[in-house]
Amino acid sequence: MPNPIYTERNKFNLQLRNIQYFHLNTGVSLLQINEYIKAETVFNELKSGTSLYREKSVWNLALIKLKHKDYKGCKQILQTISQDFEYYDKVQELLRALE
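Residues numbered from 1 in each chain as written. Predicted model: local features only at pLDDT ≥ 70, side-chain atom pairs only at ≥ 80, totals over all residues. Heavy atoms only, no water.

(A) Looking closely at the environment of Lys90. With respect to the element layout, Lys90 can be found in helix 5 (residues 88-98). Judged by relative accessible area, which is 42%, Lys90 ranks as partly exposed. For the pair Lys90 and Lys72, spaced 18 residues apart in sequence, the C-alpha to C-alpha distance is 17 Å. (Helix = DSSP H or I, 4+ residues; strand = E, 2+ residues; numbered from the N terminus. Buried < 20%, exposed > 50% of the residue type's maximum accessible area, 1.4 Å probe, protein only.)

Here is the structure:
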């Protein structure tokens, strides 16, 4: 028989991941329709917590800086992204382009 506390914790963690994923996609959607301030708010919330989507949020914050032609700010943000990020090759590519 499964441990009910463990099962409830797994359900909670799954719900939390789903909520964070929803927030990430909301931020991306806002970014795509040029709602930069709202998107930045969403990404900063995800970045500041323990979200699984922290690195993706930081990446999107860098893209906001890039869209505003704030190349120095974009570069500073990109330099904070971990080498473990799934799109780290894109981070490196953008950093090289900003040199």
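(B) Quick look at unusual backbone geometry. Despite not being glycine, Asn34 shows a phi value in the positive range, around 65°. With respect to the element layout, Asn34 can be found in the loop between helix 1 (4-32) and helix 2 (36-48). We note that Lys69 has phi near 60°; this positive angle belongs to a residue other than glycine.

(C) How the structure looks around the nonpolar core. Counting 24 residues, the largest nonpolar core has Phe43, Trp59, Ile64, Leu78, Ile81 and Val91 as its most contacted members. At the level of secondary structure, the elements contributing two or more residues to this core comprise helix 1, helix 2, helix 3 (54-67), helix 4 (71-78) and helix 5. Sequence-distant contacts of Phe43, defined by excluding residues within four places in its chain, comprise Leu24, Gly27, Val28, Leu31, Ser57, Asn60, Leu61 and Ile64. (Core = buried A, V, L, I, M, F, W, Y, C linked by side-chain atoms within 4.5 Å. Contact = heavy atoms within 4.5 Å.)

(D) Layout of the pattern of salt bridges. Scanning the entire structure with this criterion turns up 4 salt bridges. Lys75 is paired through a salt bridge with Glu99; the nearest N and O atoms lie 3.1 Å apart. A residue pair is termed long-range when its members are at least 10 positions apart, and Lys75 in helix 4 and Glu99 in the segment after helix 5 qualify at 24 residues. Residue classification places Glu99 among the exposed residues on the basis of a relative accessible area of 68%. (Salt bridge = Lys/Arg side-chain N within 4 Å of Asp/Glu carboxyl O.)

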